[in-house]
Amino acid sequence: MGKLRIIICALAFVLVASVAMAEDYTVSVSQIVEHPALDATRQGFMDYLEEQGLDVKYNVHIAQGNIATANQIANQIMDEDPDLVLAIATPTAQACAQRIHETPVIATAVTDFVGAGLVKSMDKPGGNVTGMTDMTPMDKHLDLMLEFVPDATAVGVIYNAGEDNSVTLVKFLRDACEAKGVKLEEATIQNSSGVLQAARSLVGKVQAIYIPTDNTVVTALESAMKVAHENHIPLFSGDTDSVERGTLASLGFDYYSMGRQTGEMAFRILKEGANPADMPVETLQDLSLWVNKDAAEKMGVTIPEAVLDRADTVLE
């Protein structure tokens, strides 16, 4: 009986010690708007930390595309005193970085960390902010569009000039077009209600339209698709989630995978004590080619066999 008591006491001690060692974390999330790519990023982040056994309470805030709301959310997050902040997309990352200076901030689905003023450099952020970039290789996107429309003399792009990430992407697209001798027609908007008119303004001027990873435009993607269907203009997107919604093709990131990799960075901060100042901004190395056959039919476009042969996902 004496040995049995010792074993029971030892097991009880291990159980109590395990409970004592269990840690609860609070993560405040600031997301600029709800749409499939950003939602997938958030879900990938949560799934990864859950799989690692972390007990996390999430305070999720959606700014509904409003910068003033994003700033209010950042102020609210300071009062929540979280262990870590997850900022999804450039505007919310900027709002958090400008107000939150002591708590680690992981920003993700951000195009240009340096240009947005989030970090000093990609390799050495130097502050409390690091994360993952979704910088799109615009030259490759233009090459993809020209595979579909090899004789194109002009392509159009719709974007919100108030989103720093979009301004950066359009600059790179402009450079790529100049290198190929293709004219770039720009249609800028201030809010999602302007997408329909912006798309219509490009009709007759371009042979293809491109939608970058612009949060404002993506929320009203169906308006651009309506114009593409009515006028048989191929509509391309910067993210693969938009291909599921009805764009023709994209060479883009898997945002769920981006969320998981962002979660791995957060794990290092929460469990291993990593310092964001010393954590280089990361990116996904693999791009996925998605095409949508139904969208091609509605837009009066033939998908090149070479594109179909190497596509990672072909939607019917």
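Above: the structure in question.
The shown structure was predicted, so the numbers you read here are calculated from the model rather than taken from an experiment.

A. How the structure looks around the overall build of the chain. When helices and strands are counted, the chain shows 13 helices and 13 strands. Overall, the C-alpha framework of the chain stretches about 90 × 40 × 30 Å when taken along its three principal axes. By residue count, 53% of the 316 residues in the chain fall in the buried class. In the chain, of all internal contacts separated by at least 6 residues, the share reaching a separation of at least 24 is 70%. Surface exposure of the chain reaches about 14,100 Å², of which carbon and sulfur atoms provide 50%. Here the chain carries 22 positive and 44 negative side-chain charges, and the mean point of each set is 1 Å from the other.

B. Looking closely at helix 9 (residues 221-231). Restricting attention to buried positions, one finds in helix 9 the residues Leu221, Ala224, Met225, Val227 and Ala228. Taken around the axis of helix 9, the buried residues stretch over an arc of 160 degrees, which confines them to a single face. Elements in contact with the buried residues of helix 9: helix 7 (195-202), strand 8 (209-211), helix 8 (215-218), strand 9 (235-237) and helix 10 (240-245). The first or second residue beyond helix 9 is histidine 232, which carries a positive phi of 50 degrees.

C. Local environment of the pairing of strand 1 (residues 24-31). In terms of burial, strand 1 is a largely internal element, 7 of the 8 residues being buried. Bridging between strand 1 and strand 2 (residues 55-62) involves 8 bridges; their strand directions are parallel. The residue bridging glutamine 31 from the neighbouring strand is isoleucine 62, located in strand 2. In this region the chain leaves strand 1, passes through helix 2 (residues 36-51) and returns to the parallel neighbour strand 2; the handedness of that crossover is right-handed.

D. Structural detail: the nonpolar core. One finds Phe148, Ile158, Leu173 and Ile211 to be the most contacted residues of the largest nonpolar core, which totals 54 residues. In this structure isoleucine 158 touches Ala187, Ile189, Ala198, Ala199, Leu202, Ile209, Tyr210, Ile211, Pro212 and Val217, once residues within four positions along its chain are discounted.

E. Molecular detail of the sheet that holds strand 2. Taken in spatial order, the 6 strands make up an open sheet running 2-1-3-4-5-11, and their pairing is parallel. What marks the edges here is a single partner per strand, and that holds for strand 2 and strand 11 (282-283). Sheet topology note: the strand 5 (residues 129-133)/strand 11 ladder contains 2 bridges and is parallel. Residue pairing across strands places methionine 132 opposite glutamate 282, the latter belonging to strand 11. In the packing of helix 2 onto the sheet, the strands contacted are strand 1, strand 2, strand 3 (84-88) and strand 4 (105-110), and the crossing angle to strand 2 comes to about 165 degrees.

F. Region of interest: the environment of valine 60. One can find valine 60 in strand 2. Owing to a relative accessible area of 38%, valine 60 belongs among the partly exposed residues under this scheme. Residues valine 60 and glutamine 94, spaced 34 residues apart in sequence, show a C-alpha to C-alpha distance of 17 Å. Every residue in contact with valine 60, bar those within four places of it in the chain, is listed here: Val29, Arg42 and Met46.

G. Local environment of the pattern of salt bridges. Summed over all chains, the structure comprises 14 salt bridges. When the shortest N-O distance is used, the salt bridge between aspartate 278 and lysine 124 registers 3.2 Å. With aspartate 278 in the loop between helix 11 (255-272) and strand 11 and lysine 124 in the loop between strand 4 and strand 5, this residue pair connects regions lying 154 residues apart in the sequence. For lysine 183, the salt bridge goes to glutamate 185, with nearest N and O atoms at 3.1 Å. Each of Glu264, Arg268 and Glu282 takes part in a single network of salt bridges with overlapping partners.

H. Spotlight on the packing of helix 2 against helix 11. Where helix 2 meets helix 11, the axes come as close as 6 Å, and the angle between the chain directions of the two elements is 45 degrees. As judged from the angle between their axes, helix 2 and helix 11 are oblique. As helix 2 runs across helix 11, the sense of the crossing is right-handed. Contacts between helix 2 and helix 11 involve Ala37, Ala40, Thr41, Gln43, Gly44, Phe45, Asp47, Tyr48, Leu49 and Glu51 on the former and, on the latter, Tyr255, Tyr256, Gly259, Arg260, Thr262, Gly263, Glu264, Ala266 and Phe267. Residues belonging to the contact of helix 2 with helix 11 are distributed by class as follows: 9 nonpolar, 6 polar and 4 charged.

I. Up close: unusual backbone geometry. Positioned with a positive phi, aspartate 81 is a non-glycine residue whose angle comes to about 50 degrees. As for its placement among the helices and strands, aspartate 81 is situated in the loop between helix 3 (67-80) and strand 3. We classify aspartate 81 as exposed; its relative accessible area is 60%. Of note, alanine 89 is a non-glycine position whose phi angle comes to about 90 degrees, a positive value.

J. Region of the structure containing the packing of aromatic side chains. According to the stated counting rule, one finds 2 aromatic pairs in the structure shown. The interplanar angle of 75 degrees and the centroid separation of 6.4 Å between the aromatic rings of phenylalanine 45 and tyrosine 58 together place this pair among those described as edge-to-face. A residue pair is termed long-range when its members are at least 10 positions apart, and phenylalanine 45 in helix 2 and tyrosine 58 in strand 2 qualify at 13 residues. A residue is classified by how much of its surface remains accessible, and tyrosine 58, at 24% relative accessible area, is partly exposed.

The rules we used
Residues numbered from 1 in each chain as written. Predicted model: local features only at pLDDT ≥ 70, side-chain atom pairs only at ≥ 80, totals over all residues. Heavy atoms only, no water. Helix = DSSP H or I, 4+ residues; strand = E, 2+ residues; numbered from the N terminus. Buried < 20%, exposed > 50% of the residue type's maximum accessible area, 1.4 Å probe, protein only. Contact = heavy atoms within 4.5 Å. Areas by Shrake-Rupley, 256 points an atom, 1.4 Å probe, with all protein chains shown as cover. Lys, Arg positive; Asp, Glu negative; His and termini not counted. Charge placed at Lys NZ, Arg CZ, Asp CG, Glu CD. Arc of directions from axis to C-beta. Pairing = 2+ DSSP bridges. Right-handed = clockwise from strand over helix to strand, strands pointing away. Core = buried A, V, L, I, M, F, W, Y, C linked by side-chain atoms within 4.5 Å. Axes fitted to C-alpha atoms, helices over the stretch in contact; angles between N-to-C directions. Salt bridge = Lys/Arg side-chain N within 4 Å of Asp/Glu carboxyl O. Parallel < 35°, antiparallel > 145°, perpendicular 65-115°, else oblique. Left-handed = near helix turned anticlockwise from the far one by under 90°. Nonpolar A, V, L, I, M, F, W, Y, C, P; charged D, E, K, R; others polar. Phe/Tyr/Trp six-rings, centres within 6.5 Å; stacked < 30°, edge-to-face > 60°.

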